[in-house]
Amino acid sequence: MPTILGAAASGLIHNQNVLDTVAHNLANANTSGFKAFRALHQGLPDPDPAPETSRLGVATTTRDLLLQPGALLASDSPLHAALEDGAFFIVRGGGGEALFTRYGGFLLDGEGTLVDYAGRIVPDINGDPIRLPEGFTAPFLDPNGFLIAADENGEPQQIARLPLARFANPAGLELLGGGLYRPTLNSGEPEYGTPGDQGFAPLRPGTLESSNVDVAQEFVSMIVAQRAYSACAKTFAVGDAMLELATRITR
């Protein structure tokens, strides 16, 4: 009898996790650069289940990060750019460490330094901050990752170039929040390059990557999880009623 209750309870937890994941994805469907999660579950907590001695139901629950590129949306900033392959932009964390992001909504701070939306420095290919020289105007990013601006004579000049990074197993990156990632042993060390070179795709300036949330699929997952949750709740109620009956019989 407890096997019925345990299996039903694990199903409730499993489907609740699916619904939580769906809600998280849908809440960020319009967040630029957001990557959806997928709830994964494994059945049979015991490898050789026996009704009298082993548990049944759902064993483990994990959430995998889906890193497929999202659609590109036009932006009105010449310093915005999107990635079309599996690469990442590089920014500097508070301690100077390299962090990685898919969100290319860059801008210039009050000192003319290229930063991300939170003020984190965007380094050049040498690891130095990218700063617009005094008197230079109209900066923009080109497809090869160069920051170009007009000098005092109105002539375009290349100021610096953005580096990119990619990983053997990007799904193994540690998610820090705010669209930032950190390498782990599972992801492997970053391989650095530049847009348009060494197998890296060129940038798409003037655009931003939207989220990769498939709203239709999320609603399908939500409906299936709701029905399964209801079925598990009914199963639990039946098992509870049977246990109550067995208890009364033994009195």
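Because the structure is a prediction, the values reported are computed rather than measured.

Novice: Please provide a residue-by-residue account of the side chain of Arg102, values included.
Specialist: With respect to the helices and strands, the residue Arg102 is situated in the loop between strand E6 (98-101) and strand E7 (107-108). Polar contacts involving the side chain of Arg102 include one to the side chain of Glu209, which spans 3.2 Å. When neighbours within four sequence positions are excluded, Arg102 is seen to be in contact with Lys35, Pro69, Leu83, Asp85, Gly86, Ala87, Phe88, Phe89, Gly179 and Glu209.

Novice: Run through the packing of aromatic side chains, naming residues and quoting values.
Specialist: Per the counting criterion, the structure on display carries five aromatic pairs. When the ring of Phe88 is compared with that of Phe167, the centres are 5.8 Å apart and the planes differ by 75 degrees; the resulting orientation is edge-to-face. Note that Phe88 is positioned in strand E5 (residues 88-92) and Phe167 in the loop between strand E12 (164-166) and strand E13 (174-177), a separation of 79 residues in sequence. Exposure remark for Phe88: the relative accessible area of 1% places this residue in the buried category. Looking at Phe167, the relative accessible area reads 9%, which means it is buried. Plain terms: the ring middles of Phe88 and Tyr181 are 5.6 Å apart, the flat faces sit at 70 degrees to each other, and that makes the pair edge-to-face. Placement of the pair is Phe88 in strand E5 and Tyr181 in strand E14 (residues 180-182), with a sequence separation of 93 residues. Of the residues examined, Tyr181 reaches a relative accessible area of 2% and is grouped as buried. An aromatic cluster is present here, built from Phe88, Phe100, Phe167 and Tyr181 joined pairwise through their rings. Stacked on the ring of Tyr117, the Lys or Arg Arg120 has its end atom at 5.5 Å from the ring centre.

Here is what the cut-offs are and how they apply
Residues numbered from 1 in each chain as written. Predicted model: local features only at pLDDT ≥ 70, side-chain atom pairs only at ≥ 80, totals over all residues. Heavy atoms only, no water. Helix = DSSP H or I, 4+ residues; strand = E, 2+ residues; numbered from the N terminus. Polar contact = N/O pair within 3.5 Å; in protein donor to acceptor, adjacent residues only side chain to side chain. Contact = heavy atoms within 4.5 Å. Phe/Tyr/Trp six-rings, centres within 6.5 Å; stacked < 30°, edge-to-face > 60°. Buried < 20%, exposed > 50% of the residue type's maximum accessible area, 1.4 Å probe, protein only. Lys NZ or Arg CZ within 6 Å of the ring centre and 35° of its normal.

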